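# Structure assessment
Now for the letters of each chain:
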Amino acid sequence: MLDDGSNSVALSVNGLTRRFGGLVAVDDISFDLPAGRLNAIIGPNGAGKTTLFNLITGEIRPDAGRVEVHGQNITGLKPYQIVRRGVSRTLQIKSVFTGLTVAENVRAAVMAHEGVASPFRPVASYGAVKQRVDNLVEQIGLAKHLNTQASALSYGDIALLEIALALANQPKLLLLDEPVCGMGPQETEQTVETIRAISKSVDVVLIEHDMEVVFAIADEIIVMAQGALLARGTPAAISSSAEVQEAYLGAPEEAD
Amino acid sequence: MIVRCAAGACGAEGANDIGGFVSGLVLALAVNGLVWGLIIALIALGLSIIFGLLDIINVAHGDFFMLGTVVALVLATSTGSYWLALLLVPIIGFVVGLVLERVIIRPTIRQASLTIVTTFGLSMMLQEGVRATYGAQPRRMAAPIEGTIPLFGIDYDVYRIFAAAFAALCLIAFFVFLTRTKLGTWIRAVRHDPETATALGVPVARICAITFGLGTAMALLGGAIAAPITTVEFRTGVDILPFCFMAVIIGGLGNLQGTVAAALLLAVMEGLVTSVTDPTIARIVSLGFMSAALLVRPNGLFSGATR
Amino acid sequence: MTAKIISRAALILTFVALAAVPMVVPMLSSPFWIDIIAEILIWSLLAASVNLLLGYVGLLSFGQALYFGVGMYGAALSVIHWGAGFWGGLAIGIVAAMLMAAVAGSVAVRLTWHYFAIITVVFSLILYFAAMSAKPLTGGDDGISFSAPQIFSLGDLKLSLADQSVQYYTILLVVAGIYALFSIVVRSPLGVRFVAVRENNRRAALIGINVYLTRYVAFILAGALAGASGALFAFFGRYASASYMFYHVSGEAVVWAIVGGAGSLLGPLFGTGLLIVLREIISAYWEHYLFVVGALTILVVMFAPRGLAGLWSDALQLLFVSKGTARSDNLVDTEARAQPKPATNVTRGG
């Protein structure tokens, strides 16, 4: 989503570093991701991909470096502030409000986005919110589960719900952390289609181990290893890179 | 309160001149603090290992101490030997701990935040149970070692010195157990990383039970040691509990040596502050100190906290 | 939807029954029970304050007696020293409690749940000892007393707390009003935020909720509830004593909240009611009723952790609602299905 013509960099990361004790989890990483693309970050386990996401979303502070989203500096902001600036993410372990229904889940996210926090008006009276909730649930394909408790949903549906929550704040940038992790082939396809549809209007960056998915939908791939940027390029370039193959020690078929 | 000196129970009897008396009294209060600090360190370590392994905020821990004082007094009176009581009380404590862990703790441990409620219920049962059986009347125990020795110009109770030495010995024994024995190593392993410990074949459930038993035993033992120098009644647990928590928090959850150091520091500090002001103010100061510690460094003031 | 109707009917029935107490009870038993029920209403607000934090936001506070005490002393001292009337004293008590909660909460709410629980106790202990030593002001353990101010006067009609029925209805009015407000808040967007923070505080942050602020607001509101309880208690007994600030009182309030059912609207009322009635009945025969309370607490956590409201909700589910659909939004049981969860730290390293 381009705010104005000049701001075509969706995500800019500069010299980002984070250590945990003696371990350097993210090592001086810099890249610019142009808007209008679907980018994937891949790499072996322990490469620091999720840590990178955590740094971008503010859940951990970087030891050094800078993060900008569509030109806006978000380094050092708290997670909720970053979310309010249009960055959303999903987590490796699908994270929704398990005790609430699908509708209640999405409603919480929509209300948070609209800044609705009155202590006095009954929730049911917010017609516009209800409309948005219905639209989002429809868009994500969970309309028939509107009043089902999240804990009763299938794993694939929980993943979709989480994506719906991430879309509620009309993000400019959506970070998906292993969105198809643990899914069977049908659920994977469903999720991939949803991601593809979303990527038409939102800049998406995903971490993934499932190479089929990555090669199917990514416009550009970044490879990380041991906390550092190893390679970057189109799927074709990456799949033929000897360096990348070495980092993976063989075929990375971790679609578990 | 711990370092309240009621009617000559300070341990300091007789003095030669006012100046000597005052400074002697202050030093005696400091030594009292040290004695109590060692006893409390023992109890607080019990609290710490229970918290460290089972994730339980055991608000009944002070009542375990109280139970120790009561059982010690009852056994000593009925058998005529305090020393026998001192031997039996920790064993009884261990068994009680094992039973409680099995019957009450284990079935409720799934609700992590509710374990504090469970132990609160236990605390009520212990206090009322003791009140119903032993009675509400506070009693004092005769010191098993009579006599005083001159210390800083004041005549100081010999028993208190014994109590301090014995508590110190128990502390040392505890650390030796924890670091040098297989069981102790297993306990440390489970506290550090339960999943890996299970993978390595450590019987985690049994270790948790033993830990609770051990923690309980230490609290009761502390009670037995303290019985001759405090009033024995059903409410003494209430005073001791905040102190133990302070020691654990300031020392750092998971930092056992830190807990011991914090217990000594707090007790001596409170003892000294009591000499210039009243015990309530001293307690407020300690609590304020603890709040500050919690806010500034939730993991404790002493480094090495593993949580 | 019949579950909803049943629950609403139960709510109305409860209120009607409570309103009828001063008339019905003397016919069935001694008027002494009117005072007991008034006490239940008052103490249920303290349980409600625990319930707000635990059931709706996921924070276990073991120190609400502090705000109870501030409300209690706020009311008593304003009557004694400033000649405040009933409504003035009540307001002052509540505001004072909210201020104290604002101060304490600003730091407490930052902590993870173990430390949060511990620091709430520590704060309440500090103020307890302070109140005990400030004897000239607070009367310490012995407390201070005052005479009942007027509630309402219009021409010749003067209503004062000295009249048992007037006192009862005043208390019922205030307490019912507070529960009504509470019900509005938990059904409001603010209530939605509370529940989001409780259910999954990391996810709540990731949808843009300021978790710290949400918890802080809840903490202050809970302080107001506890303060109202304390102020009413002061007026009820015309008495205030530091002994009510001790952590045992906080602990009992937690028990009442859990027995009633954390996360439900009227759970605190029924939990408090059950335990106080039990206390009255048992202590007539055996003075060690606390032993039974302790045992009951443990049994409730073991077998019915969602308390009375949970049992009610399960009964309704069994009879009316089919599995898989949402529980209906019934008033008695708004979120009783939610287990009290420990509030976990938001940041976990990647």
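Residues numbered from 1 in each chain as written. Chains lettered and ligands numbered in written order. Predicted model: local features only at pLDDT ≥ 70, side-chain atom pairs only at ≥ 80, totals over all residues.

Counting its regular elements, chain B contains eleven helices and three strands. Looking at chain B as a whole, 54% of its 307 residues are labelled buried. Taking all contacts inside chain B whose residues are at least 6 apart in sequence as the whole, residues at least 24 apart take part in 78%. (Helix = DSSP H or I, 4+ residues; strand = E, 2+ residues; numbered from the N terminus. Buried ≥ 20, exposed ≤ 12 C-beta atoms within 10 Å, placed from the backbone. Contact = placed C-beta atoms within 7 Å.)

For the rest of this paragraph, the subject is the overall build of chain A. Along its length, chain A carries nine helices and ten strands. Taken over C-alpha atoms, the radius of gyration comes to 18 Å for chain A, in line with the 18 Å a tight globule of 256 residues would show. Along the longest, intermediate and shortest principal axes, the C-alpha atoms of chain A span 60 × 40 × 40 Å. Out of the 256 residues in chain A, the part that is buried amounts to 48%. Of the contacts made within chain A by residues no fewer than 6 positions apart, 68% connect residues no fewer than 24 positions apart. (Rg over C-alpha atoms; globule rule 2.2 N^0.38 Å.)

Across the boundary between the two partners, chain A contributes 41 residues, which contact 28 residues of chain C. Those elements that provide at least two residues to the side of chain A that touches chain C are helix H1 (49-56), helix H2 (79-84) and helix H3 (102-114) of chain A. Looking at the side of chain A that touches chain C element by element, the count peaks at six residues for H3(A). The residue inventory of the side of chain A that touches chain C, partitioned by class, reads 23 nonpolar, 13 polar and five charged. (Nonpolar A, V, L, I, M, F, W, Y, C, P; charged D, E, K, R; others polar.)

Before going further, it helps to examine the sheet that holds strand S2 (residues 23-34) of chain A. Backbone-to-backbone hydrogen bonds join strands into a sheet, with any given pair of strands oriented parallel or antiparallel. All names here are of chain A. Ordered by their spatial adjacency, four strands build an open sheet running S2-S1-S4-S5, and the pairing between neighbours is antiparallel. Either end of the sheet is taken by a strand with one partner, and the two such strands are S2 and strand S5 (72-73). One ladder, built from two bridges, connects strand S4 (residues 64-69) with S5; its direction is antiparallel. What sits directly across from Val69, in S5, is Gln72. Strands strand S1 (9-20), S2 and S4 of the sheet are contacted by H1, whose axis makes an angle of about 65° with S2. (Pairing = 2+ DSSP bridges. Axes fitted to C-alpha atoms, helices over the stretch in contact; angles between N-to-C directions.)

Moving on, we get to the interface of chain C and chain B. The interface is formed by 37 residues belonging to chain C together with 35 residues belonging to chain B. Those elements that provide at least two residues to the side of chain C that touches chain B are helix H5 (113-133), helix H11 (247-260) and helix H13 (289-303) of chain C. Ranked by residues supplied to the side of chain C that touches chain B, first place goes to H5(C) with 14 residues. Taken together, the residues of the side of chain C that touches chain B break down into 29 nonpolar, seven polar and one charged.

Looking at the two pairs of chains with contacts, the pair that accumulates the most is chains B and C. Kept free of each other, chain A and chain B leave a smallest C-alpha distance of 13 Å between them.

Here the focus is the sheet that holds strand S9 (residues 220-225) of chain A. Residues and elements named next belong to chain A. Here six strands make up an open sheet; going across it, the order is S6-S7-S8-S3-S9-S10 and the pairing mixed. Two strands bound the open sheet, and with one partner strand each, they are strand S6 (87-89) and strand S10 (228-233). Across the sheet, the mean angle from the axis of one strand to that of its neighbour is 20°, orientation sign disregarded. Pairing geometry for S9 and S10, over five bridges, is antiparallel. Each residue of the ladder has a partner; that of Val223, found in S10, is Ala231.

Before going further, it helps to examine the environment of B:Thr115. Here B:Thr115 lies in helix H4 (residues 115-133). It is 22 Å that separates the C-alpha atoms of B:Thr115 and B:Val130, two residues lying 15 residues apart in sequence.

Turning to the packing of H3(A) against helix H8 (residues 189-199) of chain C, a few remarks are in order. One way to put it is that H3(A) packs onto H8(C) with a least axis distance of 10 Å and a crossing angle of 115°. Crossing hand, H3(A) versus H8(C): left-handed. For the pair H3(A) and H8(C), contact is made by A:Arg107, A:Ala108 and A:Met111 and by C:Pro189, C:Val192 and C:Ala196, respectively. For the contact of H3(A) with H8(C), the per-class residue count stands at five nonpolar, no polar and one charged. (Left-handed = near helix turned anticlockwise from the far one by under 90°.)

Bringing H13(C) into the picture now. Here H13(C) contains 15 residues, and its C-alpha end-to-end distance of 21 Å stays within 8% of the 21 Å for a straight helix at 1.5 Å per residue. Taken residue by residue, H13(C) has C:Leu290, C:Phe291, C:Val293, C:Gly294, C:Thr297, C:Ile298, C:Val300 and C:Val301 as its buried positions. (Expected span 1.5 Å × (residues − 1).)

Turning our eyes to something else, we now look at helix H9 (residues 236-251) of chain B. In this model H9(B) runs 23 Å from its N-terminal to its C-terminal C-alpha over 16 residues, within 8% of the 22 Å that 1.5 Å per residue would give. For H9(B), the tally of buried residues reaches 14 of 16 residues, placing the bulk of the element in the interior.

Here we come to the pairing of S2(A). As judged from the eight bridges shared by S1(A) and S2(A), these two strands associate in the antiparallel manner. Following the sheet pairing, A:Arg18 is matched in S2(A) by A:Val26.

Let us look at the confidence of the model for chain B. Residue and element names in this part refer to chain B. Mean pLDDT over chain B: 84, with 89% of residues reaching 70 or higher. Residue range residues 1-16 is modelled with pLDDT below 50. Its contacts to residues more than four positions away, or to other chains, number 40 contacts. Both scores are available for the predicted complex, with the pTM at 0.88 and the ipTM at 0.88. (pLDDT = per-residue confidence, 0-100.)

A few words now on the environment of A:Asn169. Secondary-structure assignment places A:Asn169 in the loop between helix H5 (155-167) and strand S7 (173-177). Note: C-alpha distance between A:Asn169 and A:Gln245 (76 residues apart in sequence) is 38 Å. Beyond its immediate sequence surroundings of up to four residues, A:Asn169 is in contact with A:Val83, A:Gly86, A:Ser88, A:Ala109, A:His113, C:Ile207 and C:Gly208.

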